[in-house]
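One-letter residues, chain by chain:
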Amino acid sequence: MNLLIFSNILLWVVVLIQLAVIFALARQIGILFERVSPVGAMLSDAGPALGDKVPALALPNLNGPGLTLGRAGGRAQLVFFLSTSCPICKALLPALKSIKADEQGWLDVVLASDGREQLHRRLIESEALEAFPYVLSSELGMSFKVSKLPFAVLIDKDGKVAAKGLVNSREQLESLFTASETGIPSYQAAVAGMTS
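Here the structure is a predicted model, which is why all the values come from computation and not from measurement.

### Thoughts on the confidence of the model for the protein
Averaged over every residue, the pLDDT of the protein is 87; the share at 70 or more is 88%. Within the protein, the lowest mean pLDDT, 58, falls on helix 6 (residues 187-195), and the highest, 96, falls on helix 3 (residues 117-126).

### Remarks on the packing of helix 2 (residues 87-102) against helix 5 (residues 170-182)
Packing of helix 2 against helix 5 brings their axes to within 10 Å, and their N-to-C directions diverge by 35°. For helix 2 against helix 5, the interelement crossing comes out right-handed. Within the contact between the two elements, helix 2 uses L92, A95, L96, S98 and I99 and helix 5 uses R170, L173 and F177. Grouping the amino acids of the contact of helix 2 with helix 5 by side-chain chemistry returns six nonpolar, one polar and one charged.

### Thoughts on the UniProt feature "transmembrane region" (unreviewed entry) in the protein
Mapped onto this structure's residue numbering, the UniProt feature "transmembrane region" (unreviewed entry) falls at residues 6-26. The distance separating the terminal C-alpha atoms of residues 6-26 is 30 Å; by composition the span is 100% helix and 0% strand.

### Thoughts on unusual backbone geometry
That bond from L149 to P150 is cis: its omega, -5°, falls within 30 degrees of zero. Residue position: P150 is located in the loop between helix 4 (138-143) and strand 6 (151-155). Residues other than glycine seldom take positive phi values, yet K145 does so here, at roughly 55°. With respect to the secondary-structure elements, K145 resides in the loop between helix 4 and strand 6.

Cut-offs used in this document
- Residues numbered from 1 in each chain as written.
- Predicted model: local features only at pLDDT ≥ 70, side-chain atom pairs only at ≥ 80, totals over all residues.
- Heavy atoms only, no water.
- pLDDT = per-residue confidence, 0-100.
- Helix = DSSP H or I, 4+ residues; strand = E, 2+ residues; numbered from the N terminus.
- Axes fitted to C-alpha atoms, helices over the stretch in contact; angles between N-to-C directions.
- Left-handed = near helix turned anticlockwise from the far one by under 90°.
- Contact = heavy atoms within 4.5 Å.
- Nonpolar A, V, L, I, M, F, W, Y, C, P; charged D, E, K, R; others polar.
- UniProt positions renumbered as here; feature names shortened; annotations may be inferred.

Here it is as structure tokens:
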């Protein structure tokens with residue numbers, strides 16, 4: 001009988017210790033989440049502000065007829081600024097191909113850059129980018145005040161800047177869509193709004 005009571009007490013002690021360990025681990029996970037919280041596209045104050053109408057620019061397209069930015073006939077446009085020498089830009093190309101295929105009902109993905117046409121034609125060929133409108137215009141980058149790459153701008157169906165920012169990962173790229181849907185321009189603005 002004493003052995004039964006002893007084993008029962010021992011089991012309860014083990015259960016209480018396990019509860020304490022689970023609580024401590026859950027707390028640590030919360031602390032880690034705060035330290036390594038997800039970050040959306042880094043919003044830039046330069047260039048057209050969110051909600052501003054995109055200046056109408058007739059642009060040359062290396063993969064077909066020219067296009068006019070901001071006049072997509074009721075379709076949104078994602079303009080992705082890249083460079084032929086940017087490894088992060090190249091790493092995001094599969095994500096852009098996926099977004100182009102998945103969101104083709106309402107979104108046009110436009111690649112944009114400047115520099116020597118020959119280098120961009122090589123990139124188009126080596127990365128199979130023939131299906132994308134590919135704009136080569138320094139004027140476009142200057143009008144959006146793009147200073148770092150890769151940079152993306154989401155233009156809504158009315159030709160207004162819905163979201164923009166520096167994007168270094170697929171998650172940051174997709175955060176532009178979230179920003180457009182929620183009206184919160186960036187993850188940083190959302191966190192600032194929660195703490196103030």
